[in-house]
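# Breakdown of the fold
So you can see what is in the structure, the chains are spelled out below.
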Amino acid sequence: MTDRGWEAVDAYIAGQLLGPDPVLDAALKGNAEGGLPAIDVSAAQGKMLHLLARISGARHILEVGTLGGFSTIWLARALPEGGRLVTLEISPTHAEVARANIAHAGLAEKVEVRVGPALESLKTMGDEAPFDLVFIDADKENNANYVQAAIGLSRPGALILVDNVVRGGGVIDAASTEPRIVGTRKLFEMLQAEERLEATAIQTVGAKGWDGFVMAVVKG
Ligand SMILES: C[S@@+](CC[C@H](N)C(=O)[O-])C[C@H]1O[C@@H](n2cnc3c(N)ncnc32)[C@H](O)[C@@H]1O
């Protein structure tokens, strides 16, 4: 099946299982008007993140890479009363658009968008630990560093998810010098050696092409 077929199936899945969502439609419109790139997760992937947060009973969520808050909204919708999500974003422009989208979604009380390079922000977050779920979707070069930081900020049993780890199959190109592929391969090498995590990766196809997620649980 072609990429167009993947898109059509994603549209079918959204039509059958997700239904109309004016709030998320408005978020994507806000992103486009703000000049943000359309590199958010797909709606079906957003709902998968939402369901994983619910299944894991997450009350405290950390996101690395906000963009306009599309995935943030999906995750924050899974929070129970009193739950909280912190999302890290380097671009003040992206953060401003995200804050508006999150407020429009009625989630401003639960979500904090924190601006700065995520590696620096993560170093200052010890007091806010532990997190129950961490979603990593920022600069792929730093994925191994983000997962290491996430382990330190997570409770035993916490779920760590990393997006875009297949990169159209590029992940198996050991000769690649493309920084995001090099970063992704470094992530897999780190995961292989990391005894504090139990991990797998799942390939995905759809509106966002051929890619995949790492899913890892912090051992007790
Ligand atoms: C793929 S987008 C995030 C998409 C978002 N998770 C969603 O699905 O709606 C990646 C975001 O990470 C941000 N980013 C890139 N490098 C970063 C860094 N070093 N620290 C924090 N954020 C960064 C980019 O500005 C961009 O907004």
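Refer to the structure printed above.
Within each chain, residue numbers correspond to sequence positions counted from 1 in written order. Since the coordinates come from a predicted model, pLDDT governs what is reported: local features require at least 70, and pairs of side-chain atoms require 80 or more to be given and counted, while whole-chain, interface and lining totals use all residues. Derived side-chain values reflect all non-hydrogen atoms in the structure, with water molecules and hydrogen atoms excluded from consideration.

### A few points about the pattern of salt bridges
The salt bridge criterion pairs a side-chain nitrogen of Lys or Arg with a carboxyl oxygen of Asp or Glu, the two atoms within 4 Å. Here the structure, examined in full by the defined rule, presents 12 salt bridges. Linking Glu112 and Arg114 is a salt bridge whose minimum nitrogen-to-oxygen distance equals 2.8 Å. Linked through salt bridges whose partners overlap, the residues forming this network are Arg84, Glu112, Arg114 and Glu128.

### Examining unusual backbone geometry
Put simply, Ala129 and Pro130 share a cis peptide bond, and its omega is 5°. In this text, helices come from DSSP runs of H or I with a minimum length of four residues, and strands from runs of E with a minimum of two, each type numbered from the N-terminal end. In this fold, Pro130 is placed in the loop between helix H6 (118-123) and strand E4 (131-136). Positive phi outside glycine occurs at Arg167, with the angle close to 55°. As for its placement among the helices and strands, Arg167 is situated in the loop between strand E5 (154-163) and helix H8 (179-193). Overall, the relative accessible area of 21% leaves Arg167 in the partly exposed class. Exposure is judged per residue with a 1.4 Å probe applied to protein chains only, and the accessible area is read against the type maximum: over 50% gives exposed, under 20% gives buried, and values in between give partly exposed.

### Section: the site of the ligand
In this text, near means that some heavy atom of the residue lies within 4 Å of the molecule or strand in question. Close to the ligand lie 21 residues, the nearest being Val41, Ser71, Glu89, His94 and Asp137. Polar contacts here mean pairs of N or O atoms no more than 3.5 Å apart (in protein, one a potential hydrogen donor and the other a potential acceptor; neighbouring residues in sequence count only if both atoms are side-chain atoms). Measuring from a nitrogen atom of the ligand, one finds a backbone N or O atom of Ile90 at 3.1 Å. Only the protein chains shown count as cover for residues, with accessible areas throughout obtained via the Shrake-Rupley method and a probe of 1.4 Å. Protein coverage of the free-state accessible area of the ligand, which is 600 Å², stands at 89%. Mapping the ligand onto the cavity grids shows that it belongs to the largest pocket. At the level of secondary structure, the elements contributing two or more residues to the shell around the ligand comprise helix H4 (70-76) and strand E2 (84-89). In the cavity and pocket records, a cavity denotes points on a 1 Å grid over the protein atoms alone where a 1.4 Å probe fits but cannot get out, a pocket denotes an open set with protein on both sides within 12 Å along at least 5 of 7 lines, and lining residues are residues with an atom within 4 Å of a point. More than half of a molecule's atoms lying within 2 Å of a cavity's or pocket's grid points is what places that molecule inside it.

### Some thoughts on the packing of aromatic side chains
In this description, an aromatic ring pair is defined by two values, namely the gap between the centres and the angle between the planes. Any pair of Phe, Tyr and Trp rings, taking the six-membered ring for Trp, is counted once the centres come within 6.5 Å. Such a pair is stacked with planes under 30 degrees apart, edge-to-face with planes over 60 apart, and tilted for the rest. Going through the model one piece at a time under the given rule, you end up with 0 aromatic pairs. The ring of Trp74 carries Arg77 above its face, with NZ or CZ at 5.3 Å from the centroid. When the NZ atom of lysine or the CZ atom of arginine is within 6 Å of a ring's centre and also within 35 degrees of its normal, the charge is said to sit over that ring.

### Observations regarding the environment of Val205
Examined against the element boundaries, Val205 turns out to sit in strand E6 (residues 197-206). We call two residues in contact whenever any of their non-hydrogen atoms come within 4.5 Å of each other. When sequence neighbours within four positions are dropped, the list of residues in contact with Val205 reads Trp6 and Trp210.

### Looking at the side chain of Ser71
Within the secondary structure layout, Ser71 lies in helix H4. Residue Ser71 is classed as buried on the basis of its relative accessible area, which comes to 5%. Residues in contact with Ser71, not counting those within four places in the same chain, are Val41, Leu49, Glu63 and Phe135.

### Considerations on the packing of helix H7 (residues 143-152) against H8
Axes, fitted as lines to C-alpha atoms, cover a helix only where it is in contact. Angles between the N-to-C directions of the axes lie from 0 to 180 degrees. For the pair H7 and H8, the least separation of the axes is 7 Å and the interaxial angle reads 35°. Where H7 abuts H8, its residues Asn143, Ala144, Val147 and Gln148 lie against Lys186, Leu187, Met190 and Leu191. A class-by-class count of the residues in the contact of H7 with H8 yields 5 nonpolar, 2 polar and 1 charged. Residues are grouped as follows: Ala, Val, Leu, Ile, Met, Phe, Trp, Tyr, Cys and Pro are nonpolar; Asp, Glu, Lys and Arg are charged; every other residue, Gly included, is polar.

All we've got here are geometric facts, nothing functional implied.
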